[in-house]
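# Notes for the structure review
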Amino acid sequence: KKDKQMEFETVIYEVDNKVATITLNRPDSLNAFNSQMVLDLREATDAAYKDSSIRCVIITGNGKGFSAGADLKENMTQPNDPNAVEKGLLEGYKPVFMNIINMPKPVISAVNGPAAGIGYSFAMACDLTLMSEEAYLLSAFSNIGVVPDGGANWMLTNAVGYKLAYQLAIEGEKIPASRCLELGLANKVVPSDKLLSEAKDWATKLSQRSPQALSQTKKIMREALNSTFEEMFSIEAKIQNQLIGSADNIEAVTAFIEKRAPKFKD
């Protein structure tokens, strides 16, 4: 059942069976980001964030690609503000990235073709990534004399280590799906025609798991990237103390003993 649909100019937002799918929808420009798409994506991720009945979110692209990055045509006609780029990133893009990173449920990027520039940053910011066999990531920034943005420097360095991250950033070459899988930048690579159905199957399976386990593990692991072992040990202990004996925990243990699938409440 398609139970919720919000109308946007540049993205498609649909909710089906506790899974929200957000599709970047400017296929004629390979889903390049213009200012409207940034606003639409913020609103769509806000909606998914706030709706507690949604257990998992998929972000994908319509047409041949995930996203070509920022719409360069629009950027060339920026108003004459010397800080326009910084403001655009901090006030436009950053809230969308923070929605993905802080979203209390898993966000899956289903990369259906090229993900370049800030499109590549969005694909990597998600918790889990599926790529179609033809898809690739492209940190094209150095090719046009600029630096990776959208948090890409942090994400890439944390994912693959400094030396390789720096090489990938400055050489600005396509990273094919198979290489992304080897490097841990993607979780799964699937044939193009199966990408969305695989993403939805995965999201549906995840949405049947304990919501608190998924959201709290995400929260802890996101913090782990900036913390010591000792700090993480204490955070885990505090959160575990809240979760043991909770409704989700009791239902899961009972289901395990009764040899049945658990049913978690919204």
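I will try to describe carefully the structure that is included in this document. (Residues numbered from 1 in each chain as written. Predicted model: local features only at pLDDT ≥ 70, side-chain atom pairs only at ≥ 80, totals over all residues. Heavy atoms only, no water.)

### Digging into a nonpolar patch on the surface
Taken together, the side chains of L72, I144 and V146 make up a nonpolar region of the molecular surface, amounting to roughly 280 Å² of accessible area. Here V146 shows up in the loop between β8 (136-138) and α5 (152-160). For V146, a relative accessible area of 41% gives the class partly exposed. (Patch = residues over 30% accessible without salt bridge, like charges linked within 9 Å, V, L, I, M, F, W, Y side chains within 5 Å. Areas by Shrake-Rupley, 256 points an atom, 1.4 Å probe, with all protein chains shown as cover. Salt bridge = Lys/Arg side-chain N within 4 Å of Asp/Glu carboxyl O. Helix = DSSP H or I, 4+ residues; strand = E, 2+ residues; numbered from the N terminus. Buried < 20%, exposed > 50% of the residue type's maximum accessible area, 1.4 Å probe, protein only.)

### A few points about the pattern of salt bridges
Think of it this way: side chains of opposite charge can pair up when their charged atoms draw near. Inspection of every chain in the model, using the stated rule, returns seven salt bridges. Between D81 and K87 there is a salt bridge, with the nearest N and O atoms lying 3.1 Å from each other. Overall, the relative accessible area of 39% leaves K87 in the partly exposed class. For the salt bridge of E182 with R179, the shortest nitrogen-to-oxygen distance reads 3.3 Å. Of this pair, E182 and R179 both sit in helix α7 (residues 177-183), three residues apart, roughly one helical turn. In this structure, a network of salt bridges that share partners links the residues D127, K218 and R222.

So, to be careful, I would describe these as geometric facts and stop short of saying anything about function.
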